[in-house]
Amino acid sequence: MQLIDLAWWQLALGAALVLALAGCTLVAKLAIGQTLLVAALRTVVQLSLIGLVLEALFSVAALPWIALMAGVMLLMAGREVIARQKRRLTGGWAFGIGTLSMFVSAFSVTVLTLIVIIGPEPWYTPQYAIPLLGMMLGNTMTGIAIGLDRLTDAVWRQRALIENRLMLGQRWQVAVGDARRDAMRSGMIPIINSMAAAGIVSLPGMMTGQILAGAPPSLAVKYQILIMFTITVGTGFGTLVAVLAASRRLFDERERLRLDRLAKPGH
Amino acid sequence: MKPVATPATADEPAALVADALRVGDLSAGDLCIAPGRILALSGPSGSGKSRLLRALADLDPHEGTVALGDMRQGAVPGHRWRQAVMMVPADSQWWADTVGEHFPDGAPDGLDTLGFDTATMDWQVSRLSSGERQRLALLRAVAHQPRALLLDEPTANLDAEATARVEAWLGDLIARHHWPVLWVAHDPAQIRRVADQHLRIAGKRLEDVPCS
């Protein structure tokens, strides 16, 4: 089966539908029309650019360029993790912890999957490496962002409680334990839910794409299962590492709770 | 075999000593509370009484040195220091559902003295009155076997009768265990009843008030 080509005028039909939606929101005074159009425009520009980048990358297929691309993706994901937090750690720690835990989990799981499980030749073949890393980073980023946001918010709210536990002579790990476990669970719940709902409620995007591209469904399913597992592992370990590191940073060497290390919301 | 120095036992009386203590704007200077003595601390609200207690418990960064007998504050991990020099905040916090889960070794001594019994251990924390919380917070602190106490208005939510009971119970325990105690209080009558020494925060310093 050959993938049916899409011409630009066919995309224009899709764009016309978006314009129609924008017109309706204008009539309904939702004041969201401009945001909608800007977002639609961003989709076109960003995806076209990444298309160019990927075509160039696939034709070169050299490790340094792929590593550079992976590094840029990682930094963008790190920035996104900070943007999603209400009270983040100051002094670059939020970015550092988020990025480092994504690096540790998403990168190592991706490389492991490429070398040990899928095994393309060479292992960094960009057609496999870049989409795999992209899916890993996207999900790990969400897990880490939720985990860190829940942790800092809970510690902020439970300040008096945690300090009272410290006063009773508890170690910092025990005093912050409830908040930490809660944050870890929150970070892992979305990916667990999507594993549980896969195939029943939603047809995962990658599998849909492979089937559209002409792959036999049974193979697409196998890839999807593998991706689900690796994403879950990457998100899980990434969230654990990030929440552990951030909770350590909330206490100093005297095991004091240091909320002065959190930025005020909106800064 | 090398001779091993005998470690100080947990019950050995020790003085709580602070040298050149400074917390924020407040220069507390040198403090010395002998074993079994109660130092009352008073001052207008916002003058830094709680912050001084927090510094002694090593919950806030501060200047100066603090020691309990041979144990220096900076020489032991934070949790060990706070387990020995135990602060009881004015508004106690409870993290588990039932009262009993907050006590390390089951029902503590002194329950009946403060008006409770062993069934109290099964009570829901969310249904405690502020007076019950305050008395149970004192019981909880003492059950963790401290060697010194920092009490932040320990009878603020209690009526006269309960206050008298708590004062008598604490006085007895402090004398029996030789704990040095810093007791933040507002009521001059209470300070006269319980304290051996009285310091008042005046501006940025502490001033001695003679106990009559």
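Residues numbered from 1 in each chain as written. Chains lettered and ligands numbered in written order. Predicted model: local features only at pLDDT ≥ 70, side-chain atom pairs only at ≥ 80, totals over all residues. Heavy atoms only, no water.

Trainee: With reference to specific residues and values, describe the overall build of chain B.
Mentor: Looking only at helices and strands, one finds five helices and 10 strands in chain B. Compactness check: chain B gives a C-alpha radius of gyration of 17 Å against a globular reference of 17 Å for 212 residues, within 12% of the reference. If you line up chain B on its principal axes, its C-alpha atoms span 55 × 45 × 30 Å. Burial status across chain B gives 52% buried among its 212 residues. Put simply, of all contacts in chain B between residues at least 6 apart along the chain, 68% involve residues at least 24 apart. Counting 21 positive and 28 negative side-chain charges, chain B places the averaged centre of each group 5 Å from the other. (Helix = DSSP H or I, 4+ residues; strand = E, 2+ residues; numbered from the N terminus. Rg over C-alpha atoms; globule rule 2.2 N^0.38 Å. Buried < 20%, exposed > 50% of the residue type's maximum accessible area, 1.4 Å probe, protein only. Contact = heavy atoms within 4.5 Å. Lys, Arg positive; Asp, Glu negative; His and termini not counted. Charge placed at Lys NZ, Arg CZ, Asp CG, Glu CD.)

Trainee: An account of the pattern of salt bridges is needed here, citing residue identities and associated values.
Mentor: Inspection of every chain in the model, using the stated rule, returns 20 salt bridges over all chains. Linking B:Asp60 and B:Arg54 is a salt bridge whose minimum nitrogen-to-oxygen distance equals 2.8 Å. Across the pair, B:Arg54 and B:Asp60 agree in class, each one buried. A salt bridge links B:Arg165 to B:Glu161; the nearest nitrogen and oxygen atoms lie 3.2 Å apart. Of the two residues, B:Arg165 and B:Glu161 are both situated in helix H4 (residues 160-177); the distance of four residues between them amounts to about one turn of the helix. Look at the salt bridges and you will find they share partners, linking A:Asp252, A:Arg254, A:Arg256, A:Arg258, A:Asp260 and B:Asp58 into a network. (Salt bridge = Lys/Arg side-chain N within 4 Å of Asp/Glu carboxyl O.)

Trainee: So, a nonpolar patch on the surface: which residues are in play, and what are the values?
Mentor: Residue and element names in this part refer to chain A. On the surface, a nonpolar cluster with roughly 620 Å² of combined accessible area is contributed by Leu63, Val111, Leu112, Ile115, Val116, Ile117 and Trp123. With five residues, helix H4 (residues 93-118) is the largest single contributor of residues to the nonpolar patch. Tracing the backbone through its elements, the reader meets Ile117 in helix H4. (Patch = residues over 30% accessible without salt bridge, like charges linked within 9 Å, V, L, I, M, F, W, Y side chains within 5 Å. Areas by Shrake-Rupley, 256 points an atom, 1.4 Å probe, with all protein chains shown as cover.)

Trainee: Tell me what's going on with the packing of aromatic side chains, and back it up with residues and numbers.
Mentor: All names here are of chain A. Going through the model one piece at a time under the given rule, you end up with four aromatic pairs over all chains. Seen from their ring centres, Trp123 and Tyr124 are 5.6 Å apart, and the 85° between their planes marks the pair as edge-to-face. Judged by its relative accessible area of 33%, Trp123 falls in the partly exposed class. Considering the side-chain rings of Trp172 and Phe251, the 5.4 Å spacing of their centres and the 35° angle between planes classify their relative orientation as tilted. One end of the pair, Trp172, is in helix H7 (residues 172-175); the other, Phe251, is in the segment after helix H10 (217-249), with 79 residues separating them in the sequence. (Phe/Tyr/Trp six-rings, centres within 6.5 Å; stacked < 30°, edge-to-face > 60°.)

Trainee: Could you give me a rundown of the pairing of strand E4 (residues 63-68) of chain B, with the residues and numbers involved?
Mentor: For a regular strand, side chains alternate in direction, first toward one face of the sheet and then toward the other. Residues and elements named next belong to chain B. By the bridge criterion, five bridges tie strand E1 (residues 16-23) to E4 in an arrangement that is antiparallel. By the bridge assignment for E4, Val17 is matched with Ala67. Where E4 meets strand E5 (residues 71-72), two bridges bridge the pair, whose relative direction is antiparallel. Looking across to E5, one finds that Ala67 is bridged to Arg72. Here E4 folds back onto E5, and the loop between the two strands holds two residues, one of which, Gly69, carries a positive phi near 60°. (Pairing = 2+ DSSP bridges.)

Trainee: So what's going on with the confidence of the model for chain B? Residues and values would help.
Mentor: Reading fine detail from the predicted coordinates is not recommended where pLDDT is low. Residues and elements named next belong to chain B. With 94% of its residues at a pLDDT of 70 or more, chain B has an overall mean of 92. Here strand E10 (residues 205-209) is the element of chain B with the lowest mean pLDDT, 88, and strand E6 (residues 85-88) is the one with the highest, 98. Scored below 50 in pLDDT, residues 1-8 shows zero contacts in the model against residues more than four places distant or in partner chains. Here the predicted complex scores 0.88 on pTM and 0.92 on ipTM. (pLDDT = per-residue confidence, 0-100.)

Trainee: How would you sum up the domain arrangement of chain A? Please name residues and give values.
Mentor: Residues and elements named next belong to chain A. Annotation of chain A at the domain level lists domain 1 (1-60) and domain 2 (62-261). Each side of the interface is counted separately: domain 1 has eight residues, and domain 2 has 11 residues. Of the roughly 790 Å² buried between domain 1 and domain 2, counting both surfaces, carbon and sulfur atoms make up 79%. On inspection of domain 1 and its partner domain 2, the count reaches zero salt bridges. At the boundary of domain 1 with domain 2, the tally comes to one residue pair in polar contact (both at pLDDT 80 or more). Considering only residue class, the side of domain 1 that touches domain 2 consists of eight nonpolar, no polar and no charged. (Domains from an automatic or database assignment. Buried area = accessible area lost by both parts, 1.4 Å probe. Polar contact = N/O pair within 3.5 Å; in protein donor to acceptor, adjacent residues only side chain to side chain. Nonpolar A, V, L, I, M, F, W, Y, C, P; charged D, E, K, R; others polar.)

Trainee: Could you give an account of the nonpolar core, with specific residues and numbers?
Mentor: In terms of nonpolar packing, the biggest core is built from 81 residues, with A:Val155, B:Leu41, B:Leu68 and B:Leu150 touching the most fellow members. Per-element accounting of this core gives the leading share, 13 residues, to helix H5 (residues 126-157) of chain A. Apart from the residues lying within four places of it in its own chain, the contact partners of B:Leu150 are B:Leu16, B:Leu53, B:Leu56, B:Ala57, B:Val85, B:Met86, B:Met87, B:Val88 and B:Leu182. Membership of the second largest hydrophobic core comes to 37 residues, among which are B:Phe103, B:Leu114, B:Ala137 and B:Val194. (Core = buried A, V, L, I, M, F, W, Y, C linked by side-chain atoms within 4.5 Å.)

Trainee: Just give me the short version of helix H6 (residues 159-167) of chain A, but keep the residues and values in it.
Mentor: Most of H6(A) is tucked away: seven of the nine residues are buried. Of all the positions in H6(A), only A:Leu161, A:Ile162, A:Glu163, A:Asn164, A:Arg165, A:Leu166 and A:Met167 are classed as buried.

Trainee: So, the environment of B:Arg176: which residues are in play, and what are the values?
Mentor: All names here are of chain B. Following the sequence through the fold, Arg176 ends up in helix H4. Since its relative accessible area comes to 51%, Arg176 is described here as exposed. Arg176 sits 140 residues away from Gly36 along the chain, and the two C-alpha atoms are 7.9 Å apart.

Trainee: I'd like a description of the packing of helix H2 (residues 33-60) of chain A against H5(A), backed by residues and values.
Mentor: Residue and element names in this part refer to chain A. Relative orientation of the contacting elements H2 and H5 amounts to 140°, with a least axis distance of 10 Å. In terms of orientation, H2 lies oblique with respect to H5. Together, Leu54, Leu57 and Phe58 of H2 and Pro126, Gln127 and Ile130 of H5 make up the contact between the two elements. Across the contact of H2 with H5, the residue classes tally to five nonpolar, one polar and no charged. (Axes fitted to C-alpha atoms, helices over the stretch in contact; angles between N-to-C directions. Parallel < 35°, antiparallel > 145°, perpendicular 65-115°, else oblique.)

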